[in-house]
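Chain and residue survey
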Amino acid sequence: RKIATVGWTLDILFSFVRGYEVGGVVEMRPRRVALQYLKTWLAFDFAIVSMDIYMVVRYWAKGPFISLLRALRLLRLIRVIKMS
């Protein structure tokens, strides 16, 4: 779990420099890539990674709240599958 959380946290950083496609052209200008990420996925990614970090810190906790957090992590996986 800890390794995955570190990986997703690094993915947030890499998303600031990873290009995106617009009208068949890949946009790679750093400023535009960063602004696009800020406008689209950053809030979602940050929320999911924050929950992962919370779960790592409170790994011993049980209950319905943790189950909800795990279900929300599934949304992150769906996003990754959608992007590929």
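This text follows the structure it describes.
Residues numbered from 1 in each chain as written. Predicted model: local features only at pLDDT ≥ 70, side-chain atom pairs only at ≥ 80, totals over all residues. Heavy atoms only, no water.

What follows deals with the packing of aromatic side chains. This structure, assessed with the given rule, holds two aromatic pairs. On the numbers, 5.0 Å between centres and 85 degrees between planes, the contact of Phe 16 with Tyr 37 is edge-to-face. Residue Phe 16 is located in the loop between helix H1 (2–15) and strand E1 (20–22), and its partner Tyr 37 is located in helix H2 (residues 30–39); the two are separated by 21 residues in the primary sequence. Judged by its relative accessible area of 26%, Phe 16 falls in the partly exposed class. (Phe/Tyr/Trp six-rings, centres within 6.5 Å; stacked < 30°, edge-to-face > 60°. Helix = DSSP H or I, 4+ residues; strand = E, 2+ residues; numbered from the N terminus. Buried < 20%, exposed > 50% of the residue type's maximum accessible area, 1.4 Å probe, protein only.)

What H2 keeps buried is the set Val 33, Ala 34 and Tyr 37. What you see down the axis of H2 is that its buried residues fit within an arc of 95 degrees, all on one side. Set apart from the buried face of H2 by more than 90 degrees, the exposed residues are Arg 31 and Lys 39. (Arc of directions from axis to C-beta.)

Any functional reading would require information that these geometric values do not contain.
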